[in-house]
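# Structural overview for review
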Amino acid sequence: MRQTERLAADAAGLAQAAAILRRGGLVAFPTETVYGLGADATDAEAVARIYAAKERPSFNPLIAHVDSFESAKKQGLFDETAARLAEAFWPGPLTLVVPVAPTCMISDLARAGLDSIGLRVPAHPLAHALLEQTGRPVAAPSANRSGRVSPTDADHVLGDLDGRIDAVLDGGAAQVGVESTIVSCLGGTPRLLRPGGVAREAIEALIGAKLETGSEAGTNPLAPGMLASHYAPRAQVRLNATNIRPGEAALLFGAEPLSGAETARATLNLSKNGDLVEAAAHLFSYLRQLDASGAATIAVSSIPETGLGEAINDRLRRAAAER
């Protein structure tokens, strides 16, 4: 178990927090809503450590925090309405779900394999300074174990995550105390995915229309607080495979070979060493690569249900579901 440092809200604390994030570590930090558990959003292994620390049972997409609207436009595509919302409410407690930009650097794991991304520019001065010094998007769900109450000060964070993360940047109590409002801007009328720190009425007044509400079609989260379709491969997915049939693509785990692997159309190993953090980091990109091989079926080795294995298997079961 690592030692979690409590960093002061000063120049030295900020510099240390940014250095930890840049090297792939986990830092809890204050925003105006609640404390977030931050990792470099461009580093899939760092993002996997968020899920491990939170004991999150499935790979829901994570909000990526950036230091400005200009930075956000490098990661997502903003139509006229999304741009108006960003200009009106950023920095602030509003997350916008937009299509991924061609220049997006945010990892597949942070996006849960989706072609959209939730972006926010926080207003808290400490969060803003940390993002500027880190110099890259920071994925940051609430800094608590999955299913527990969101933290609004550093003591709350340490009560849940002490020894599980590298540091907490202590900026005192959060001001808003509830999570950001999430609005989807993926075409058509914007949709309210989660109420939060920006009131629905303020958004509707700006866009001159009522927000759509409720879940979109599908069974998997598009963003925190709603349901919609994850990326699903074109190929069928066959779980707990003990052999590879001719022409199948193979998604392996661990050092043990599967019989018939030499006949596979394509083969990738999530982690030859059986490291579940490494496996989680590779999951979405490897599914995409094997799907692109043209195989009709992707055969997947058994993966333990312990630790991050629970989340990996949850995602694989969704990918294998009848559709």
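Scroll up for the structure.
Because the structure is predicted, anything quoted here is derived from the model rather than measured.

The helix and strand inventory of the chain stands at 9 helices and 15 strands. With the principal axes as the frame, the chain shows a C-alpha extent of 60 × 50 × 30 Å. For the chain, buried positions account for 57% of its 323 residues. Of the contacts made within the chain by residues no fewer than 6 positions apart, 65% connect residues no fewer than 24 positions apart. About 13000 Å² of surface is accessible on the chain, with carbon and sulfur atoms providing 49% of the total.

A few words now on the sheet that holds strand E12 (residues 236–238). Strand order across the open sheet formed by 4 strands is E12-E15-E13-E14, with parallel pairing between neighbours. Two strands close off the open sheet at either side, each with one partner strand: E12 and strand E14 (266–269). Going from strand to strand, the sheet's axes swing by 20 degrees on average, the running direction of each strand aside. Sheet topology note: the strand E13 (residues 249–252)/E14 ladder contains 4 bridges and is parallel. Among the inter-strand pairings, alanine 249 is bridged to a residue of E14, identified as alanine 266. Contacts between helix H8 (residues 276–291) and the sheet are confined to E13, E14 and strand E15 (297–300), with E14 contributing the most and set at about 175 degrees to the helix.

Thresholds, definitions, all that
Residues numbered from 1 in each chain as written. Predicted model: local features only at pLDDT ≥ 70, side-chain atom pairs only at ≥ 80, totals over all residues. Heavy atoms only, no water. Helix = DSSP H or I, 4+ residues; strand = E, 2+ residues; numbered from the N terminus. Buried < 20%, exposed > 50% of the residue type's maximum accessible area, 1.4 Å probe, protein only. Contact = heavy atoms within 4.5 Å. Areas by Shrake-Rupley, 256 points an atom, 1.4 Å probe, with all protein chains shown as cover. Pairing = 2+ DSSP bridges. Axes fitted to C-alpha atoms, helices over the stretch in contact; angles between N-to-C directions.

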